[in-house]
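# Residue-level structure breakdown
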Amino acid sequence: MEIVELDANRPDEWMIEQGRAAHKLPILDQSGADTIKLYPPTPSVLMKDEPAIRSVGDRNKVFAREREGWKGYVEWEKYPEKKAKARKILTSQTFPGCPDFQFGPIPPTNPVLLGEDFKAWHEAIGGELASVAEDSWNTVLREKHPNMLHLLQFPYNGEPPKRLTTSKPITPNSLHFVRNHGGIPYIEKDQFELCLDGLVAHPKTYTLDDLMDEKRFPRVETTVTMQCSGTRRIEQISLYGGQGDEVPQAPWAEGAIGTARYVGISLKKVIKDCGGLIKPANHLELYGAETYVKDLDVGNYVVSVPWSKVKANEVILAWEMNGEPLPRIHGYPLRVVVLGYIGARSVKWLYRIKAIEGPSRAPVQSREYLYFNQQVGKYNLRPTDGIQIQEMPVSSAIMTPWTNQAIIHVGKIRCKGWAYSGGGRWPERVELSADGGFSWYSVPEENLSKKGKWTWRTWEFDLPCDVEGWIEIVCRCWDNSLNTQPLNVRAAWNWGLHVTSSAHRVKVYSINKTRERTKKHLERYEQLGIPLAPLTQYQAISTQTPEEYEQYWKEHDPRDVDE
């Protein structure tokens with residue numbers, strides 16, 4: 001019988017069938033009697049409606065510099081008509097698609113992802129934003145450690161390598177993680193102003209010298225751990241794909257957390273200087289000077305925090321970080337530091353605070369940084385289904401050893417990491433397991449860094465291990481309220497891919513020299529001058545001589561029973 005080929009194989013057929021290139025898989029429509037394959041759409045043809053774009057006017061004039069000494073800043077929130085013009089520019093053309101790094105391969109480069117879509121949007125708007133991507137990258141190269149891992153070039157997202165993340169309890173400025181949402185504006189101190197308006201008795205505008213005047217505002221100096229809700233996102237992505245949200249859903253590892261000592265003033269004191277809030281004010285809206293693009297809508301970076309948080313003196317306006325003026329990449333000349341909250345609320349390049357009635361309706365607050373139920377996904381999601389992320393939950397991470405690493409040891413594996421809990425709670429106990437979470441060892445108190453209300457604790461521990469072969473090391477933290485971490489990633493998975501708070505798991509291969517046989521084999525490698533190869537690489541080295549083999553069967557029963 002003749003076999004009829006209905007579909008020819010593609011070169012990457014095996015990859016697709018095994019889910020290794022799932023972005024190329026057809027969607028199966030089984031809502032009817034027959035199954036219909038809805039193949040992923042082919043890339044759209046790039047188009048550009050030049051007349052529509054020209055109708056906006058001269059972009060260099062429409063989006064020109066608005067304040068002397070403020071490069072890379074465009075005021076969007078006061079000018080809806082300007083927002084509309086920018087949207088018209090962006091919707092009157094198409095742009096190349098961004099890579100699918102959740103189902104497709106993650107590039108083995110540094111920067112990992114380039115953010116070409118965000119670059120193209122800023123360039124298309126032009127004017128004051130034309131050079132912001134290049135300026136921002138130059139700032140990264142100037143201010144950040146040469147060993148930083150650049151997950152996204154623009155807007156810049158970067159974390160330190162594991163070996164440097166917890167090398168010190170206080171993170172050096174050059175190694176502190178960065179999660180930016182737009183380009184880095186250059187604001188000169190002498191030209192800086194902060195406006196405080198909205199539902200306050202007496203709206204005012206402050207210079208940086210006004211805010212730094214100790215006769216008006218008492219100084220605050222505090223050590224704060226800041227954590228991005230994307231920390232350890234790679235674990236969620238590795239199991240199940242989720243919200244892409246353009247490229248900024250960067251594949252963060254364990255380094256999107258850092259601790260610094262900030263100097264500034266309490267926002268509560270500035271509110272008081274303005275005569276206090278007037279009804280029905282209950283939130284403070286915070287404005288950052290960078291430009292953010294969300295669903296082709298353009299605006300400044302805007303979020304809000306509740307008055308109760310401000311009233312507790314837990315919202316700081318900071319101008320100093322680790323004994324130095326704020327680096328430009330971290331918000332110079334002024335930023336917000338919200339103690340114990342998600343990093344997204346700690347607005348950089350702060351230029352306005354507006355007292356409002358309820359939470360901000362700006363997209364970062366209302367449409368992003370939401371924690372969804374697992375039954376909520378791409379085709380049934382509503383922003384109101386998500387919990388707005390504020391206080392960070394208890395979490396921890398193993399910084400060494402690394403996943404799939406082989407470790408030679410003599411009964412103990414040296415481990416190192418961090419633990420943190422938001423909302424003013426602190427790590428009270430850190431535990432490690434070498435058997436996937438069945439039995440746990442407590443890290444001794446003397447192996448933990450100092451306790452602090454708003455800070456992480458770094459830790460080191462020699463974890464007992466008697467196993468030869470694959471093991472799973474697990475870390476979990478208990479905070480002072482006895483909150484702890486769910487034990488598996490699935491329990492923490494959500495469509496937004498935020499807050500991977502599950503116990504951190506690292507698979508390693510244990511090479512245990514307390515086992516005599518293992519010790520002798522390693523000695524043989526050394527005697528023969530054969531270097532150890534990657535674990536899965538075959539090496540033609542006999543592990544048993546023919547004489548040893550024959551001797552074994554002389555002393556033991558044969559393989560099969562002879563009746």
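About the cut-offs
- Residues numbered from 1 in each chain as written.
- Predicted model: local features only at pLDDT ≥ 70, side-chain atom pairs only at ≥ 80, totals over all residues.
- Heavy atoms only, no water.
- Helix = DSSP H or I, 4+ residues; strand = E, 2+ residues; numbered from the N terminus.
- Buried < 20%, exposed > 50% of the residue type's maximum accessible area, 1.4 Å probe, protein only.
- Contact = heavy atoms within 4.5 Å.
- Areas by Shrake-Rupley, 256 points an atom, 1.4 Å probe, with all protein chains shown as cover.
- Lys, Arg positive; Asp, Glu negative; His and termini not counted.
- Charge placed at Lys NZ, Arg CZ, Asp CG, Glu CD.
- Polar contact = N/O pair within 3.5 Å; in protein donor to acceptor, adjacent residues only side chain to side chain.
- 1 Å grid on protein atoms, 1.4 Å probe; cavity = no way out; pocket = protein on both sides within 12 Å on 5 of 7 lines; lining within 4 Å.
- Points joined across faces, edges and corners; volume = space filled by probe spheres on them.
- Nonpolar A, V, L, I, M, F, W, Y, C, P; charged D, E, K, R; others polar.
- Pairing = 2+ DSSP bridges.
- Axes fitted to C-alpha atoms, helices over the stretch in contact; angles between N-to-C directions.
- Salt bridge = Lys/Arg side-chain N within 4 Å of Asp/Glu carboxyl O.
- UniProt positions renumbered as here; feature names shortened; annotations may be inferred.

What follows concerns the overall build of the chain. Secondary structure assignment for the chain yields 15 helices and 27 strands. When the backbone C-alpha atoms are referred to their principal axes, the chain occupies close to 100 × 75 × 45 Å. A total of 563 residues make up the chain; the buried ones form 50% of that total. Partitioning the intrachain contacts of the chain with sequence separation of at least 6 by distance along the chain shows that 71% fall at a separation of at least 24. Carbon and sulfur atoms form 51% of the exposed surface of the chain, whose accessible area is close to 28100 Å². Measuring between centres, the 70 positive side-chain charges of the chain sit 7 Å from its 72 negative side-chain charges.

Examined against the element boundaries, histidine 145 turns out to sit in the loop between helix 6 (132-143) and strand 4 (149-152). Expressed as a C-alpha distance, the spacing of histidine 145 and histidine 176, which sit 31 residues apart in the sequence, is 9.2 Å. If sequence neighbours within four positions are ignored, histidine 145 has contacts with Leu164, Ser174 and Leu175. Polar side-chain contacts of histidine 145 include one of 3.0 Å to the backbone nitrogen of asparagine 147.

Inspection of the entire model under this criterion finds 3 cavities of 30 Å³ or more. In this structure, the largest cavity spans a volume of roughly 180 Å³. Lining the second largest cavity, in full, are Gln227, Cys228, Ser229, Thr231, Met392, Pro393, Ser395, Val499, Thr500 and Ser501. Considered class by class, the residues forming the lining of the second largest cavity number 4 nonpolar, 6 polar and no charged.

What follows is about the sheet that holds strand 12 (residues 283-294). Taken together, the 5 strands give an open sheet; going across it, the order is 9-8-17-12-13, and neighbouring strands pair in mixed fashion. Whereas interior strands pair on both sides, the edge strands pair on one side only; in this sheet they are strand 9 (204-206) and strand 13 (297-306). Each strand axis lies, on average, 25° off the axis of its neighbour in the sheet, ignoring direction. Packed onto the sheet, helix 4 (residues 80-91) meets strand 12 and strand 13 and runs at close to 125° relative to strand 13.

Counting across every chain of the model gives 29 salt bridges. Across the pair lysine 71 and aspartate 135 runs a salt bridge whose closest N-O atoms are separated by 3.0 Å. Taken together, the residues span a long stretch of sequence, with lysine 71 in strand 3 (residues 70-71) and aspartate 135 in helix 6 at a distance of 64 residues. The salt bridge partner of arginine 261 is glutamate 221, with a shortest N-O separation of 3.2 Å. Here glutamate 221 lies in strand 10 (residues 220-227) and arginine 261 lies in strand 11 (residues 257-266), a separation of 40 residues in the sequence. Arginine 261 gets classed as partly exposed once you look at its relative accessible area, which sits at 33%.

With that settled, consider the UniProt feature "domain: Moybdenum cofactor oxidoreductase dimerisation" (unreviewed entry) in the chain. Taken from the UniProt record, the annotation "domain: Moybdenum cofactor oxidoreductase dimerisation" (unreviewed entry) applies to residues 388-509. Between the end C-alpha atoms of residues 388-509 there is a gap of 40 Å, over a span that is 3% helix and 45% strand.

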